[in-house]
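Descriptive structure summary
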Amino acid sequence: MPSSGWGYEAHNGPEEWQKFFPLANGNRQSPIDIQTRYVKYDVHLRPLNPVYDPSSAQLILNSGHSVNVEYDDSKPLSVLSGGPIIGRYRLRQFHFHWGRTDDGGSEHTVNGVQYAAELHLLHWNTEKYSDFVQAAYQPDGLAVIACLLELGEGNSALQKITGALDSIIKQIAKFRSLHHSKCEDKNDCLMLSNFRPTQPLLNREVRATIT
């Protein structure tokens, strides 16, 4: 499997990633199952402070792995600060993860419960690194906000991406109609599921700003 050929099917899915991406077998893997009884309240942890400029959104695309909304990160228009990070990180893109059914498609779980889908907002450390690729290989290079999505009424922000749909259920179903990249037979390449199973927490600690 070449670096461009990773995916979520049996032949190129999460169990195979480590063969071509050694970092995928490291000790700081995501996602995790958040066991709330073990979450540690941290009085020194600041709230996250995302400041986003909608005008910096440039492109909606099928990346072959998800639905991406790409942002202009050449200027500090949409930035993230606060929380555990130092400085300001610029928003690069956001994308979604979903499953074959509405019962579960989120990557992270809470007390073993999986949500319908998950939104990831990906930021990178422009104050310390010169480009996104360089930042991606550094422990303080990226910052990702993960939002767990539940089924419910239509979300106006999602409707801008998926079209005029009347519910989250239909919006996720629309995602499942997309195709993976580099696929010869489109009937066999529907992007029905694109989430990674939870990974061991190991010696890491989950911290929170609330008790």
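The rules behind these values
- Residues numbered from 1 in each chain as written.
- Predicted model: local features only at pLDDT ≥ 70, side-chain atom pairs only at ≥ 80, totals over all residues.
- Heavy atoms only, no water.
- Buried < 20%, exposed > 50% of the residue type's maximum accessible area, 1.4 Å probe, protein only.
- Helix = DSSP H or I, 4+ residues; strand = E, 2+ residues; numbered from the N terminus.
- Pairing = 2+ DSSP bridges.
- Contact = heavy atoms within 4.5 Å.

Judged by how many residues are buried, strand β5 (residues 67-71) sits mostly within the fold: four of five residues are covered. Of the pairings in the sheet, the one linking strand β4 (residues 57-62) to β5 comprises five bridges and is antiparallel in character. Within β5, the position partnered with Leu-59 by the bridge is Glu-70. Between the antiparallel neighbours β4 and β5 lie four residues, among them Gly-64 with a positive phi of about 90 degrees. Note: β5 against strand β7 (residues 89-98), three bridges, orientation antiparallel. Bridge pairing in β7 places Val-69 opposite Phe-94.

All right, on to the environment of Ala-143 then. Inspection of the secondary structure puts Ala-143 in strand β11 (residues 142-149). Using a relative accessible area of 8% as the deciding quantity, one classes Ala-143 as buried. Residues Ala-143 and Ser-81, 62 residues apart in the sequence, show an inter-C-alpha distance of 9.6 Å. Once residues within four sequence positions are removed from consideration, Ala-143 is found in contact with Leu-80, Ile-85, Tyr-89, Leu-121, Leu-122 and His-123.

Purely geometric numbers; function is a separate question.
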